[in-house]
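Okay, here's what each chain looks like letter by letter:
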Amino acid sequence: MSENTRKLEDGVVTDFTRDMSYGEYLHLDELLTSQHPLSTPEHHDELLFIIQHQTSELWLKLVLHELRSAMTAIAGDDLKTALKNIARVKHIQRTLTEQWSVLATLTPTEYSQFRGFLANSSGFQSHQYRAVEFALGNKNAKMLDVFAHDAPRHDELKTLLEAPSLYDEFLRYLARHGHDVPTELLDRDVTRAHVHTPALVATFRTIYEDAERYWTEYEACEEFVDLEENFQLWRFRHLKTVERTIGFKRGTGGSSGVDFLARALDLTFFPELYAVRTEIGS
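In this text, all values refer to a predicted model and were calculated from it rather than measured experimentally.

1. Concerning the overall build of the chain
Move 1: Regarding its fold elements, the chain presents 13 helices and zero strands.
Move 2: The order of α-helices and β-strands along the chain, N terminus first, is α-α-α-α-α-α-α-α-α-α-α-α-α.
Move 3: Along the first, second and third principal axes, the C-alpha atoms of the chain reach 65 × 55 × 40 Å.
Move 4: Within the span of the chain, comprising 282 residues, buried residues form 40% of the whole.

See below:
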């Protein structure tokens with residue numbers, strides 16, 4: 001190495017007239033020209049705002065890919081594969097949460113200078129975010145109304161709404177493996193959000209208090225708790241980023257803003273896995 005320059009090795013490919021390149025494989029021409037600021041004159045910080053949300057959507061696409069695989073695996077009694085999927089989702093969740101720190105560099109003054117160009121577009125309209133909520137069990141059929149104008153997205157969400165959630169599949173797995181899961185949960189209307197069922201807490205208490213015997217189920221329970229905790233941390237970080245950027249203004253999509261986001265913190269995916277902690281050892 002001389003003059004602070006690294007010499008290319010002889011085997012490094014430089015001719016892509018016939019072979020596929022990195023940019024072609026990733027469709028970078030398409031990806032890197034998909035940012036279209038609307039502000040006039042174009043505001044310097046709008047690109048940050050667009051890329052923040054586009055990258056989040058890419059990560060959400062991968063989260064859904066892994067959650068669908070996990071649900072299929074659990075339904076096929078392959079809990080090990082499902083736990084690998086969930087482990088990957090957890091790392092993505094941490095990335096998504098930390099990503100809010102980049103958007104938080106956008107000051108209220110800067111955002112106010114191009115916010116009006118967003119019109120009624122809002123993250124609330126993210127079909128992938130809603131799909132993740134549905135996959136984890138927080139179903140709400142009224143959310144489909146937001147996508148009535150977009151048939152493919154509406155149909156995708158409707159399919160998830162009508163399918164068992166990750167938690168539904170896990171409870172069915174537990175029942176198949178000899179655990180006492182209330183029949184009303186196994187036969188429930190999966191288009192509705194799962195709600196706390198006290199009778200299920202005893203089932204989880206048995207697993208937690210004999211972890212060595214039920215290690216696989218025990219490990220899965222803790223992975224599910226990690227999923228929910230990470231999701232709630234993301235929600236909270238979202239709320240605080242919005243609060244520091246627009247204060248208590250209404251959201252661009254028509255919501256009350258911070259207050260509406262705060263109420264999402266009361267929503268839960270796996271309530272019995274938290275409730276059981278009160279019972280363990282008592």
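Structure's up, so let's keep going.
2. Considerations on the environment of Asn 138
Move 1: In this fold, Asn 138 is placed in the loop between helix 6 (127-136) and helix 7 (151-162).
Move 2: Along the primary structure Asn 138 and Leu 67 are separated by 71 residues, whereas in three dimensions their C-alpha atoms are 14 Å apart.
Move 3: Apart from residues no more than four positions distant in its own chain, Asn 138 is found in contact with Glu 133, Ala 193, Arg 235, Leu 267 and Phe 269.

3. A look at the layout of surface pockets
Move 1: Quantified by volume, the second largest pocket comes out at close to 430 Å³.
Move 2: What lines the second largest pocket is simply Leu 31, Leu 32, Ser 34, Gln 35, Ile 51, Gln 54, Thr 55, Glu 57, Leu 58, Trp 59, Lys 61 and Leu 62.
Move 3: Counting residues per element, the lining of the second largest pocket draws most heavily on helix 3 (residues 46-75), which supplies eight residues.
Move 4: For the lining of the second largest pocket, the per-class residue count stands at six nonpolar, four polar and two charged.

4. With respect to empty space enclosed by the protein
Move 1: Tallied over the full model, the rule gives one cavity of 30 Å³ or more.
Move 2: Of the pockets and cavities examined, the largest cavity occupies roughly 130 Å³.
Move 3: In terms of lining residues, the largest cavity is bounded by 13 residues, among which Leu 60, Gln 93, Leu 96, Val 132 and Phe 231 are the most central.
Move 4: Elements supplying a minimum of two residues to the lining of the largest cavity: helix 3, helix 4 (79-103), helix 6 and helix 11 (215-246).
Move 5: Looking at the lining of the largest cavity, the element that brings in the most residues is helix 11, giving four residues.
Move 6: Partitioning the lining of the largest cavity into residue classes produces 11 nonpolar, two polar and no charged.

The rules we used
- Residues numbered from 1 in each chain as written.
- Predicted model: local features only at pLDDT ≥ 70, side-chain atom pairs only at ≥ 80, totals over all residues.
- Heavy atoms only, no water.
- Helix = DSSP H or I, 4+ residues; strand = E, 2+ residues; numbered from the N terminus.
- Buried < 20%, exposed > 50% of the residue type's maximum accessible area, 1.4 Å probe, protein only.
- Contact = heavy atoms within 4.5 Å.
- 1 Å grid on protein atoms, 1.4 Å probe; cavity = no way out; pocket = protein on both sides within 12 Å on 5 of 7 lines; lining within 4 Å.
- Points joined across faces, edges and corners; volume = space filled by probe spheres on them.
- Nonpolar A, V, L, I, M, F, W, Y, C, P; charged D, E, K, R; others polar.

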